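Here are the chains, one letter per residue:
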Amino acid sequence: MSADRAELGNFETWLARIGAGLDRFLQFEHPDAWANRDQWLERLEQPLPEDGLGIDAVTREIVDTLIPNGQAITRPGFTGYIVTGPVTAAVLANAAASVASPARYSSTAFNRVEELSLDWLAQMLGLGAMKGVYSGGGSVANLVGLGAARQHAFEQVGRDPARDGLDRAARVYASEECHHTIQRSAGVLGLGRRAVRLIACDAGKRMRVDALAAAINEDLGAGLLPVAVVANAGATNTGAIDPLADIGEVARAHGIWYHVDGAYGLPGILDARLRPLYRGLELADSVIVDPHKWLGAAIGVAATFVHDRTILERAFTQEASDYLEGTIEQDDGTEPRIEHSMDGFGIPYYNFGLELSSPCRGVVVWAMLQEIGVAGMRARIVRHNDLARRVADRCREHENLELMLEPTLSICCFRYVAPGIDDLDRFNQRLHRRLVRENEYLPSTTRIDGRLALRPCFLGARTGDGQADGLVDAVLRIGAALLAESRQLGSRSPKRNNVAFRDVIPKP
Ligand SMILES: *Cc1c(COP(=O)(O)O)cnc(C)c1O
């Protein structure tokens, strides 16, 4: 087939087929993609097609080959990392926007919803009248916030860093539990990754404010320019929330920009039990949140909030472009003003960050909030926090489970323990590999004070009560089985009583 023109008006047919494929995927009729990896790899390894197959065949390939061999992230039992599958409303909104308003810059209903949804997010998440801009993820959202910080700090000493570059060494302060995108942002912004000074945490993985104050004083004495203090509102590793008010006061006392990274944890403010932990958020100069994490958007939706977006315009100034000359309406009063979505450019989000062409993302947030409201979102956040506490309670009740850190949000770090296991890290790693191979409960792991922990993070809109108990039951079952296997092997070996799992557990 060689038709080079897309037809008009046949989405109904093809989207319905994709929808049916996705429904089957969500009913988990398929094994893990690794199980039939050879098959789908072989099927996909085709030469560049000279002649196309047509939309019918492409749709079939998407439904038959791609979708069934996708990621486990959307499964209810998936609790790995901080990532989740999108809710239905998010997928529908994405699809609608990709056709009806492919770019966010025109003055369309979608552009309006971009702003409306940012204001809704600010209102819902305790940010008051802060103004936002969407980007593709927390990595970029942090970069945008720290770009504003850089602009602020250098303007204070009489320099425009966006125009003239940097003329002195700078510092960014963040806890040793900060997300690594803080360092990368510092690198990209020309401050240098090493400009990020990591501040020690207390036993609860919260930044120590005394250590922060001491570090700032030392650096000021050395003539370094403080650019930003970064606090976690939900550390990626553990969900810990830094003491936001105390940190904000230190930053304010020195006139330093205060950035709060709430990529994962900001929605936790909806849980009334946790709201006091967010006190001090009002001191922040910039805040980020990832709707594509806890709120259930499809990947590609993050937001940065500041009080006044003109600083973003200065930080991310674009040069004038000939191709826009005469296109954007110049209101010189000689022509009657005609509004048109072709060139009525709406709110200029392209001036507030890194992206010119960019999808409409606000429509996704708007659709999710329209669907279930703040009440629905609150109930979901509370449910996920409860699931982490449920796992923690089970750890306190069972002698073979050790709670490694009290949960703050929806993450619970724990491990399997028993007398006679001489390498708990190794044992729990084995346990985790076996758990993951069963393909039902899928947490990831981390290290708490150097010790390996199973680390479920409950985020999924499809994840319910059964998943917390199911996970704990599976860990107990697999732990007992591993223990029994090793004791059997151990009893055959006259030399040792204790079990060295390094030696006796066969590789998966
Ligand atoms: C996930 C995360 C990020 C990075 O966000 P992406 O959307 O993955 O780019 C930044 N900060 C924190 C605290 C995070 O949890």
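Definitions and limits used
- Residues numbered from 1 in each chain as written.
- Predicted model: local features only at pLDDT ≥ 70, side-chain atom pairs only at ≥ 80, totals over all residues.
- Heavy atoms only, no water.
- Salt bridge = Lys/Arg side-chain N within 4 Å of Asp/Glu carboxyl O.
- Helix = DSSP H or I, 4+ residues; strand = E, 2+ residues; numbered from the N terminus.
- Buried < 20%, exposed > 50% of the residue type's maximum accessible area, 1.4 Å probe, protein only.
- Domains from an automatic or database assignment.
- Axes fitted to C-alpha atoms, helices over the stretch in contact; angles between N-to-C directions.
- Parallel < 35°, antiparallel > 145°, perpendicular 65-115°, else oblique.
- Left-handed = near helix turned anticlockwise from the far one by under 90°.
- Contact = heavy atoms within 4.5 Å.
- Nonpolar A, V, L, I, M, F, W, Y, C, P; charged D, E, K, R; others polar.
- Pairing = 2+ DSSP bridges.
- Phe/Tyr/Trp six-rings, centres within 6.5 Å; stacked < 30°, edge-to-face > 60°.

The subject of this paragraph is the pattern of salt bridges. One pass over the full model with this rule turns up 32 salt bridges. We note a salt bridge from E155 to R314, for which the minimum N-O separation is 2.7 Å. Of this pair, E155 sits in helix 6 (residues 138–156) while R314 sits in helix 11 (residues 310–315), placing them 159 residues apart in sequence. E155 sits in the partly exposed class, given a relative accessible area of 30%. Taking relative accessible area as the criterion, R314 reaches 34% and is therefore assigned partly exposed. Across the salt bridge formed by R361 and E355, the nearest N and O atoms sit 3.1 Å from each other. Under the relative-accessibility criterion, R361 is labelled buried at 6%. Overlapping salt bridges bring together E402, R415, D425, R447 and R451 as one network.

We note that the domain assignment places domain 1 (3–70), domain 2 (101–360) and domain 3 (373–503) within the chain. When each unit is reduced to the centre of its C-alpha atoms, the spacing between domain 1 and domain 3 is 36 Å.

A separate point is the packing of helix 1 (residues 11–26) against helix 3 (residues 55–66). Taken N-terminus to C-terminus, the directions of helix 1 and helix 3 make an angle of 10°; their axes are 9 Å apart at the nearest point. Considering the angle they form, helix 1 stands roughly parallel to helix 3. Of the two possible hands of crossing, helix 1 and helix 3 adopt the one that is right-handed. Taken together, the residues of helix 3 that come into contact with helix 1 (itself represented by W14, R17, I18, G21 and R24) are I55, D56, T59, I62 and V63. Here the residues of the contact of helix 1 with helix 3 sort into 5 nonpolar, 2 polar and 3 charged.

Bringing the pairing of strand 8 (residues 302–306) into the picture now. Of all 5 residues making up strand 8, 5 are buried, and the element is well covered by its neighbours. The alternating pattern of strand 8 places A302, T304 and V306 on one face and A303 and F305 on the opposite face, and all of these are buried. Bridge analysis of strand 2 (residues 131–135) against strand 8 gives 5 bridges, and the strand direction is antiparallel. Directly across from V133, in strand 8, lies its bridge partner T304.

Bringing the packing of aromatic side chains into the picture now. If you walk through the whole model with that rule in mind, you get 4 aromatic pairs. Summarising the aromatic geometry, the rings of Y349 and F352 are spaced 6.2 Å apart at their centres and angled 85° between planes, so their arrangement reads as edge-to-face. According to the relative accessible area criterion, Y349 is buried, its value standing at 1%. Taking the relative accessible area as the measure of exposure, F352 reaches 5% and is therefore buried.

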